[in-house]
Amino acid sequence: MSSESYEFTIKGTIKELLTYKSGIFGIAFFILLVILSFYTIVALPYDQTIRLWRGEGGVWLETPRTAQPYWVNYFGQNLPETIKRDSSQSGQSGVIKIITPIPDTNMKVARISFTFDFSYDSFPSEINIFFSAKYNENSPFLNIYWVKPDGNEIKLLTYIPRSQNDKLYLSINPEVKSALNLYVYNVLGGAPESPLPPEYSLFAVEDASMNSTSTAKPLKGTYKLYIDGTLFGEDSNIDAKLIVYGKVYGIAGTDNQRRDLTIGLLWGIPIALAFGLTASFVITFLDLLLATISGYYGGKTDSLIQRITEFYMILPFLPVLIMISTFYKLDLGVLLAVVIALSIFGGGIKSTRALVMQIKEYPYIEAAKAYGASSKRIVFLYIIPKILPPIIPTLIGAVPTFVFLEAALAILGLGIPNLPSWGKIINDSFGNGALYKGNYYWVLEPAFLLIFTSLAFSFIGFALDKIVNPKLREV
Amino acid sequence: MTENILTCKNLVLHYTAKKGVVKAVNGISISLLKGESLALVGESGCGKTSLAKAIIRLLPRNIHTYNGEILIDGQDTMKLSEKQFREEIRWKKISMIFQGAMNSLNPVLKVGYQVAEPLLIHEKMKKNEALERAKKALSVVGIQESFVERYPFELSGGMKQRVVTAMALITNPAIIILDEPTSALDVITQANIMNLLKRLKKERGLSYFFITHDIALSSELADKIAVMYAGEIQEIASADIFYKKPAHPYSKKLMASVPTLRTDKKPEFIVGSPASLINPPSGCKFHPRCPSAFDKCIKETPPTFDLGSGHLAKCWLFEKGWGKE
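Residues numbered from 1 in each chain as written. Chains lettered and ligands numbered in written order. Predicted model: local features only at pLDDT ≥ 70, side-chain atom pairs only at ≥ 80, totals over all residues.

Participant: Is there a simple way to think about the sheet that holds strand 7 (residues 167-169) of chain A in this case?
Facilitator: Adjacent strands of a sheet pair through backbone hydrogen bonds, lying either parallel or antiparallel. Residue and element names in this part refer to chain A. With respect to topology, four strands assemble into an open sheet ordered 1-9-4-7, the strand pairing being antiparallel. On the outer flanks of this sheet lie strand 1 (83-86) and strand 7, each paired with one strand and no other. Across the sheet, the mean angle from the axis of one strand to that of its neighbour is 15°, orientation sign disregarded. Relative to strand 7, strand 4 (residues 126-134) runs antiparallel, the two sharing three bridges. Residue pairing across strands places isoleucine 129 opposite leucine 168, the latter belonging to strand 7. (Pairing = 2+ DSSP bridges. Helix = DSSP H or I, 4+ residues; strand = E, 2+ residues; numbered from the N terminus. Axes fitted to C-alpha atoms, helices over the stretch in contact; angles between N-to-C directions.)

Structural data, given as structure tokens:
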């Protein structure tokens, strides 16, 4: 008994789905997406994500800008990772911090030295030092030196922090720049063809290749940066954090605002699923309901619904949406509501209505009327279940349409403003010339996820289609 | 046995069609006693099903005229609103088995729930309770209780017929309209269903309003035969009288058209085609095809003549008491 009617239960449908390859792939992809969604929501709570994505409190100061994902290194590249040395953390290798008070004065001599190995084929993207100094009246007086693996020492600058937590951007500091330009001038015996940025001059092999950025090669070995300083005051202290920004970061890389793309890509999954599934389900079912009411009741109800449908069919979707977005603040709910409101009276109503008008003349409907079933009962228990099976694959197949719609709207700047979504990431990359600058990962990652999601639903849709339309089955 | 459970007086049901008004039921008066079964016979398209639908008020949209008087169990149903009629009469007092049982089951409902539907609708019963009743009703019509979990497509035609019968019986109505209940079944299944209907009638004292175009089959079940032609009842007689000595020329022709098994008689046919319901012939509707028609038949519509002992015929031949014993 149960085996004969199993294909009508959810369990039975899934069982049957799994007999098709596309069904297996589809369900596997879908389950993966659902697991990732739950992981994302649990691991990266909504509020935290919004704060992170806005970059509140300088959370992204220590990540490199537009860094590629780290796994590009597995494809024959050797791009630098970010190197951090922090003197406030005792016990870190490569960090030495000595502070000795000068007798009979309230001054102290400080020496902080950072050493690190650099063995990459490319230059770092940036170098910063973050200070946290403790002083009463006079700021500490610091000299900063750079020692290359070959022993050459460069005095970068003399630096006086202007606040307790000052940041020294070595890569753009003019004093550092002129010191390094002078150094390069001395090495080459003349000015280089093109001026070298500080991170090049600091890491380059000291020969003729230093002439331009295109020929310069990084020198591998152990580098050292040390800070000699004088502190003023009994309880004065200083700590420094050196960050040599790499060119790779995390699984997904970073964007131009140093944000880890993983967060955006992960949050894109629940958003895409929620948007696609909700829109598809709500629109399909409302469509179905309206079409059934229209077809079954006929008369004025039918005319009204049909005229509204025709009106909606000529309504241009995008301009209306743009108009709404200029008047109202869009968020996920509003965007969904607008998309649903603009889509329920779709062309689907026409075809479903035609089906309903055929079914309502079937003898079993007349029989139901005879034994007293109300119109409502007939609509919900007799007609809708009858036309539902062929609509389910369409429904599943329509999910990618809405996932893409959300992305397309985001690319057009009509996205959900506060939350990261795939469309928004593509929009950001577009706005920052990612493809022009060669940051392909920035575009390809969200694009891949969009395709993956769409594949999941399309595969399930194909398999379901074969189940409800046996004519499509391969023999 | 003498109480009228269903009475129609001057029942009229006309449809609007593109070509004109279809006079499907044209002033029909008929009555059904408690525990009696009435067979309504006639050719296709003579308005048999329309009469049944007029009684149970299952009307299409294109109604032109619908009036007359219908008394079901003493209640004048023409005065009831659609809602009252649905709640108080249908399936409570009168139920119907439709032409083509295979199509009158909801394909997406399991048989048990389908049979329980009238209970859920009319008696607001709980699902489990109704399902139990449905199981009993199914066993009454000879279907295993385990079949409640099956879908209609998993049943044979005869089984579906039984299911439909169980559904008609489940609310214990007094009258059942059977609209060609066996037309799509093979002869053996037909016999089984007829036996079932007979048994149920005996056990429950049901009244049947049995619509068929098969006179031979009607003899199985009917206590009384009504012959319908062009929206009018031409003759009503008890089965005993009718099969021995039909009075109306149309009835005679119908009887003559039934093939016999052992005699060498050729079945006859009626010349011409059934009368149009849109432009019916003048006078007696049957006169263009009637072998014994005379002038008066063409000009005037005959009234119903009483031939005694409840035998009624609508034919000018009986005006002066011709053909009376």
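Participant: Can you walk me through the interface of chain A and chain B in this structure?
Facilitator: For an interface, size is often stated in terms of accessible area lost upon the parts coming together. Each side of the interface is counted separately: chain A has 18 residues, and chain B has 25 residues. Of all elements in the fold, only helix 11 (363-370) and helix 12 (375-411) of chain A reach the threshold of two or more residues within the side of chain A that touches chain B. Sorting elements by how many residues they give to the side of chain A that touches chain B places helix 11 of chain A first, with seven residues. Classifying every residue of the side of chain A that touches chain B by side-chain character gives 11 nonpolar, two polar and five charged. (Contact = placed C-beta atoms within 7 Å. Nonpolar A, V, L, I, M, F, W, Y, C, P; charged D, E, K, R; others polar.)

Participant: Sorry if this is basic, but what is going on with the environment of His64(B) here?
Facilitator: All names here are of chain B. As for its placement among the helices and strands, histidine 64 is situated in strand 4 (residues 63-72). Sequence separation between histidine 64 and lysine 23 is 41 residues, and the spatial gap between their C-alpha atoms is 9.1 Å. Contacts of histidine 64, omitting those with residues within four sequence positions, involve His14, Tyr15, Thr16 and Val21.

Participant: What is the right way to look at the packing of helix 6 (residues 261-297) of chain A against helix 12 of chain A in this model?
Facilitator: Pairs of packed helices are described in terms of their axes, by the angle between the two and the distance that separates them. Residues and elements named next belong to chain A. The N-to-C vectors of helix 6 and helix 12 enclose an angle of 145°; their axes lie 7 Å apart at closest approach. The two elements helix 6 and helix 12 cross, and the hand of that crossing is right-handed. Across from Ala272, Phe275, Gly276, Leu277, Ala279, Ser280, Phe281, Thr284, Leu288, Thr292, Ile293 and Tyr296 in helix 6, the residues of helix 12 making contact are Ser375, Val379, Ile383, Ile384, Ile391, Leu395, Ala398, Val399, Pro400, Phe402, Val403 and Glu406. (Left-handed = near helix turned anticlockwise from the far one by under 90°.)

Participant: Hey, could you run me through the sheet that holds strand 11 (residues 305-306) of chain B in this one?
Facilitator: Residues and elements named next belong to chain B. The sheet built from eight strands is open, its strands ordered 6-7-8-3-9-10-12-11 with mixed pairing. The open sheet has two free edges, formed respectively by strand 6 (94-97) and strand 11, since each of these has just one partner strand. In this sheet, strand 12 (residues 312-313) lies alongside strand 10 (residues 232-238) in antiparallel orientation, the contact comprising two bridges. Opposite isoleucine 236, over in strand 12, you have leucine 312 as the bridge partner.

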